[in-house]
Amino acid sequence: MTAPLTPPPHQPPHNNGHSNPWQAPDPMTGHLPPAPQAPQEDGPGLRAELREAAVVTVGVAVVGLALGALWLWLAPRVPLVSDASAVYLKDTEGEQAIGIDGTFTLLGLAFGVVTGAAVFLWRRRGGVPLVVGLALGSLLGGVLAWRFGVWLGPAQNVAAHAKAVGKGVVFDAPLELNAKGALLAWPLAALVVHLGLTGLFGPRDPDPYFATPYGTQGDGSAAPTAP
């Protein structure tokens, strides 16, 4: 004698979380049970993320105007003097040129920390487009700060400036950024701060095992029980 192939009436067969297309209609309503809905996509969507990234790029780049103004205000000056035939450095052993590059680098690092934290607080979920927008905006902001500070600073035509001030009169050299690598200080600091805050305080993806109802696994099947 063999055991019956059909399960007992009080134990319905397991379907492993999948609907049975041959299941009979509900005798109470006469309708088939609703089909399982497809999982919906998390997040705002690619179009919204690209729009937010564009806003971050433009907003961060515009902040570069403030960096350029601070650089002009805080950077040391290189004194020049003319003898009516040529222009010379007044202090040949001075390190003002190095101080100009160092001031821009330190300001870039500070602006990177602030903008990286601000973008994280604005959109905690992060995302690749947002990070790319932050990096691009920081780089553009550094370039804008450099050119804006030079434009606001002393005249670029040294010969005309020396002729205008006269012989033996000390005047400031044009503001220059000799170490172009300083332009990377802002984007590098912004990315490090933003990625660090995202890793520490950003939203976490739920564990697929614990996100399912009690007693089931991630695929909808019944979890194994101890004997």
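Quick caveat: nothing in here was measured; it's all calculated off a predicted structure. (Residues numbered from 1 in each chain as written. Predicted model: local features only at pLDDT ≥ 70, side-chain atom pairs only at ≥ 80, totals over all residues. Heavy atoms only, no water.)

The space that makes up the second largest pocket amounts to roughly 160 Å³. Surrounding the second largest pocket, Val78, Leu89, Asp91, Thr92, Gly94, Gln96, Ala97, Ile100, Ala173, Pro174, Glu176 and Asn178 form its lining. Among the elements that make up the lining of the second largest pocket, the one with the highest residue count is helix 2 (residues 96-122) (3 residues). Classifying every residue of the lining of the second largest pocket by side-chain character gives 6 nonpolar, 4 polar and 2 charged. (1 Å grid on protein atoms, 1.4 Å probe; cavity = no way out; pocket = protein on both sides within 12 Å on 5 of 7 lines; lining within 4 Å. Points joined across faces, edges and corners; volume = space filled by probe spheres on them. Helix = DSSP H or I, 4+ residues; strand = E, 2+ residues; numbered from the N terminus. Nonpolar A, V, L, I, M, F, W, Y, C, P; charged D, E, K, R; others polar.)

Another aspect to go through is the packing of aromatic side chains. Scanning the model with the defined rule gives 3 aromatic pairs in all. A centroid spacing of 5.6 Å and a plane angle of 70° characterise the contact between Phe111 and Trp186, whose relative ring orientation is edge-to-face. Within this pair, whereas Phe111 is found in helix 2, its partner Trp186 is found in helix 5 (residues 185-201), the two being separated by 75 residues in sequence. Of note, Arg123 hangs over the ring of Trp122, and the distance from its end group to the ring centre comes to 4.3 Å. Over the ring of Trp146 we find Arg147; its NZ or CZ atom is 4.8 Å from the centre of that ring. (Phe/Tyr/Trp six-rings, centres within 6.5 Å; stacked < 30°, edge-to-face > 60°. Lys NZ or Arg CZ within 6 Å of the ring centre and 35° of its normal.)

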